[in-house]
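# Coordinate inspection notes
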Amino acid sequence: MNNTTLHSAGTEGQLAWYAAVAYEDLAFNTGKTIRCDATEVALFKLSSGTIRAIQNRCPHKDGVLAEGIVAGEHVFCPMHDRKIDLMSGLVQAPDTGCVTTYPVRIEDGQIYIGLPAAKEMAS
């Protein structure tokens, strides 16, 4: 498993932005686990080059989503094959549930993840 611990890059409004990883260092269609205090984020670079960040645990049985299989805009939980939309965080029917999604941005080749600002205060 690829893990990275976040380092704060500043706060804007309700979000604290954390530098996660260089864009070119993130493999296509493979998840990467990013940690910030008790929060685990699954970071993905889709085949389109789009970056998505979601809660790293499946709502069904806590499967590690960064270890799931990516297909299009979805990731399949490695434990029970729940299909999760990487844009909305919604588990696809017939299953139910939702994971948190996080905003991302890319600046100067670096991927940043926006987490609630309270996270920065706790670190």
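Computed from a prediction, not measured in an experiment: that's the story for all the values here. (Residues numbered from 1 in each chain as written. Predicted model: local features only at pLDDT ≥ 70, side-chain atom pairs only at ≥ 80, totals over all residues. Heavy atoms only, no water.)

### Focus: the overall build of the chain
The number of helices and strands found in the chain is one helix and 12 strands. Here the chain holds 123 residues, and 41% of them are scored as buried. Long-range pairs, those at least 24 residues apart, make up 45% of the contacts in the chain with a sequence separation of at least 6. By element, 50% of the accessible surface of the chain is carried by carbon and sulfur atoms, the whole surface being about 6300 Å². (Helix = DSSP H or I, 4+ residues; strand = E, 2+ residues; numbered from the N terminus. Buried < 20%, exposed > 50% of the residue type's maximum accessible area, 1.4 Å probe, protein only. Contact = heavy atoms within 4.5 Å. Areas by Shrake-Rupley, 256 points an atom, 1.4 Å probe, with all protein chains shown as cover.)

### Digging into the side chain of Arg82
Checked against the element boundaries, Arg82 lands in the loop between β8 (74-76) and β9 (83-85). A distance of 3.0 Å separates the side chain of Arg82 from the side chain of Asp95, its partner in a polar contact. Residue contacts for Arg82: discarding those within four places in its chain leaves Cys58, His60, Val75, Phe76, Cys77, Val91 and Asp95. (Polar contact = N/O pair within 3.5 Å; in protein donor to acceptor, adjacent residues only side chain to side chain.)

### A short note on the sheet that holds strand β7 (residues 69-71)
With antiparallel pairing, the three strands of this open sheet are ordered in space as β7-β8-β9. Whereas interior strands pair on both sides, the edge strands pair on one side only; in this sheet they are β7 and β9. Taken over all neighbouring pairs, the strand axes of this sheet differ in orientation by 30° on average, direction set aside. Direction of pairing for β7 relative to β8: antiparallel, over a ladder of three bridges. Bridge pairing in β8 places Ala71 opposite His74. (Pairing = 2+ DSSP bridges. Axes fitted to C-alpha atoms, helices over the stretch in contact; angles between N-to-C directions.)

### Here's the deal with the confidence of the model for the chain
Averaged over every residue, the pLDDT of the chain is 89; residues scoring 70 or more account for 87%. Considering each helix and strand of the chain separately, the mean pLDDT is smallest for helix α1 (residues 118-122), with a value of 46, and largest for strand β6 (residues 51-55), with 98. Per-residue pLDDT stays below 50 along residues 119-123; that stretch engages in 10 contacts with residues further than four places along the chain or on separate chains. (pLDDT = per-residue confidence, 0-100.)

### Side note on the pattern of salt bridges
Overall, the coordinates contain five salt bridges when judged by the stated rule. The partner of Glu40 in a salt bridge is Arg35, and the shortest N-O contact between them spans 3.2 Å. In this structure, the salt-bridge partner of Arg52 is Glu73, at a minimum N-O distance of 3.3 Å. With Arg52 in strand β6 and Glu73 in the loop between β7 and β8, the pair connects residues that are 21 residues apart, well separated along the chain. Within the structure, one salt-bridge network assembled from shared partners comprises Arg35, Glu40 and Arg57. (Salt bridge = Lys/Arg side-chain N within 4 Å of Asp/Glu carboxyl O.)

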